[in-house]
Amino acid sequence: MTFADLFSEIKGKLMGAEVSDITEHLAYQFNITGEGEGIFYVEVKDGKLYVEPYEYFDRDVIFTCKAQTLIKIAEKKLDPIRAVTLQKLKVEGNIDKALKFKKIIDSKN
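Residues numbered from 1 in each chain as written. Predicted model: local features only at pLDDT ≥ 70, side-chain atom pairs only at ≥ 80, totals over all residues. Heavy atoms only, no water.

S.K.: Mind showing me how you'd approach the sheet that holds strand 2 (residues 38-45) here?
M.R.: Strand pairing in a sheet is mediated by backbone hydrogen bonds. Such pairs are either parallel or antiparallel. Here we have five strands laid out as an open sheet, ordered 3-2-1-4-5, and mixed in their pairing. Lying at the two open borders of the sheet, with one neighbouring strand each, are strand 3 (48-52) and strand 5 (89-93). Going across the sheet, the axis of each strand differs from the next one's by a mean of 15°, ignoring polarity. With seven bridges connecting them, strand 1 (residues 26-33) and strand 2 associate as antiparallel partners. Each residue of the ladder has a partner; that of alanine 27, found in strand 2, is glutamate 43. Packing against the sheet, helix 4 (residues 95-107) makes contact with strand 1, strand 2, strand 4 (61-66) and strand 5, and its axis sits at approximately 80° to strand 1. (Pairing = 2+ DSSP bridges. Helix = DSSP H or I, 4+ residues; strand = E, 2+ residues; numbered from the N terminus. Axes fitted to C-alpha atoms, helices over the stretch in contact; angles between N-to-C directions. Contact = heavy atoms within 4.5 Å.)

S.K.: Is there a simple way to explain the environment of glycine 36 in this structure?
M.R.: Here glycine 36 is to be found in the loop between strand 1 and strand 2. With relative accessibility at 8%, the residue glycine 36 sits in the buried group. Separated by 22 residues in sequence, glycine 36 and leucine 14 have C-alpha atoms that sit 18 Å apart. Beyond its immediate chain neighbours, meaning those up to four positions away, glycine 36 contacts Met1, Thr2, Phe3 and Leu6. (Buried < 20%, exposed > 50% of the residue type's maximum accessible area, 1.4 Å probe, protein only.)

S.K.: How should helix 4 be read in this particular structure?
M.R.: In an α-helix, one turn spans 3.6 residues; hence positions three or four apart end up facing the same way. Relative to the 18 Å expected for 13 residues at 1.5 Å per residue, helix 4 spans 19 Å between its end C-alpha atoms, a close match to the ideal helical length. Along helix 4, the residues that are buried comprise Lys97, Ala98, Phe101, Ile104 and Ile105. Projected down its long axis, helix 4 shows its buried positions confined to an angular sector of 115°, all on one face. The secondary structure elements touched by the buried residues of helix 4 are helix 1 (3-14), strand 1, strand 2, strand 4, helix 2 (67-74) and strand 5. (Expected span 1.5 Å × (residues − 1). Arc of directions from axis to C-beta.)

Shown next as structure tokens:
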């Protein structure tokens, strides 16, 4: 799997999320390791979701994981909190805002 394949798949899975009720600004950077290695960000701003294949310098949280872990999280097959406890997902930054990523995942159709 290339980074472009991964990014396309993740963006497709996340764009169905309902974020119009999220009023605060959230910015997550994802550092993918191993196969499909690369960096992208997910941002919630003014009730809209953005997923872009760039580094985000003013981020609230950095998530680091393998591509397969992120795919399982996006498909709701792996809870992100459980992924952290299993040491499959590393979290750096604002933990309160990191926990809100689960709300984004849970809101998608």
